[in-house]
Amino acid sequence: MALSYGFFNSLDGDRKYDAKQMAQIFDGILNDGVFQSIGEYFATKPGTGLQVKVGSGRAWFNSTWTLSDADIPLSLATADVTLGRYDAVVLEVDHSQAVRANSIKVLTGTPGTNPVKPALTNSEDVHQHPLAYVYVGPGVTSIAAANIQITVGTSACPFVTGILETADIDALFDQWDGQFN
């Protein structure tokens, strides 16, 4: 399709718009990321026992928005007795027909002598954005703040600091014109 437009009132059902078209309004205006100035920007913090809590926040990823106005408690799998692991706390955008939803969840890593962070999915339908990585040490029964690596605000999960602004460059063109002449 070479030309797309919208939005106009429907007359007898002749105008149908879908979620993708509605989200396209923000293309070029908002970049993917977590809003820096809303809530606790999805910061991950220790909970009770093997639990973490993701703070309130708002995000825009993959042409969808996510908003939480309260802590989201997430349980971690039981620690291995002798090996450590990394778990990823992710904001997942699932465009698949069966799901069509955003969620915040834990991806449990694989225990090892030199554990690595879990691989995130980035497919046509599913995109996972890391909010934090949590180191779950051997035999631990609770998570300390020192074992949580926040990734919000990094290149892996950037901040959205604002929308684009317009600029009046008439004065600049006048200056260039004066220099040229």
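Every value quoted in this text rests on a predicted model; they were computed, and no experiment measured them. (Residues numbered from 1 in each chain as written. Predicted model: local features only at pLDDT ≥ 70, side-chain atom pairs only at ≥ 80, totals over all residues. Heavy atoms only, no water.)

Draft legend 1. Main features of the sheet that holds strand S4 (residues 57–61). As summarised here, the arrangement of the four strands in space is S5-S4-S1-S11, forming an open sheet in which the pairing is mixed. On the outer flanks of this sheet lie strand S5 (64–68) and strand S11 (159–160), each paired with one strand and no other. Bridging between strand S1 (residues 33–35) and S4 involves two bridges; their strand directions are antiparallel. Within the sheet, the bridge partner assigned to Val34 lies in S4 and is Ala59. (Pairing = 2+ DSSP bridges. Helix = DSSP H or I, 4+ residues; strand = E, 2+ residues; numbered from the N terminus.)

Draft legend 2. Up close: the layout of surface pockets. The volume enclosed by the largest pocket comes to roughly 620 Å³. The wall of the largest pocket is formed by 24 residues, among which Ala19, Lys20, Ser63, Thr64 and His95 lie closest to the centre. Considering each element in turn, the lining of the largest pocket owes the most residues, four residues, to helix H1 (residues 19–23). Of the residues assigned to the lining of the largest pocket, the class counts are eleven nonpolar, seven polar and six charged. (1 Å grid on protein atoms, 1.4 Å probe; cavity = no way out; pocket = protein on both sides within 12 Å on 5 of 7 lines; lining within 4 Å. Points joined across faces, edges and corners; volume = space filled by probe spheres on them. Nonpolar A, V, L, I, M, F, W, Y, C, P; charged D, E, K, R; others polar.)

Draft legend 3. Representation of the sheet that holds strand S9 (residues 126–136) within the structure. Taken together, the four strands give an open sheet; going across it, the order is S8-S7-S9-S10, and neighbouring strands pair in antiparallel fashion. The open sheet is flanked by strand S8 (101–107) and strand S10 (148–150), the only strands paired with a single partner. Ignoring which end each strand starts from, the neighbouring axes of this sheet average 20° apart. Of the strand pairs in this sheet, strand S7 (residues 85–94) and S9 are connected by ten bridges, and their pairing is antiparallel. Of the residues in S9, the one forming a bridge with Arg85 is Val136. (Axes fitted to C-alpha atoms, helices over the stretch in contact; angles between N-to-C directions.)

Draft legend 4. Quick peek at the packing of aromatic side chains. Under the criterion given, the structure shown has four aromatic pairs. On the basis of an interplanar angle of 65° and a centroid distance of 5.1 Å, the ring pair of Phe26 and Trp60 is categorised as edge-to-face. One end of the pair, Phe26, is in the loop between H1 and S1; the other, Trp60, is in strand S4, with 34 residues separating them in the sequence. The exposure class assigned to Trp60 is buried, which follows from its relative accessible area of 7%. Over the aromatic face of Tyr86 sits the side chain of Lys117, whose NZ or CZ is 5.8 Å from the ring centroid. When the ring centre of Tyr133 is taken as origin, the NZ or CZ atom of Lys117, which lies over that ring, is 4.8 Å away. (Phe/Tyr/Trp six-rings, centres within 6.5 Å; stacked < 30°, edge-to-face > 60°. Buried < 20%, exposed > 50% of the residue type's maximum accessible area, 1.4 Å probe, protein only. Lys NZ or Arg CZ within 6 Å of the ring centre and 35° of its normal.)

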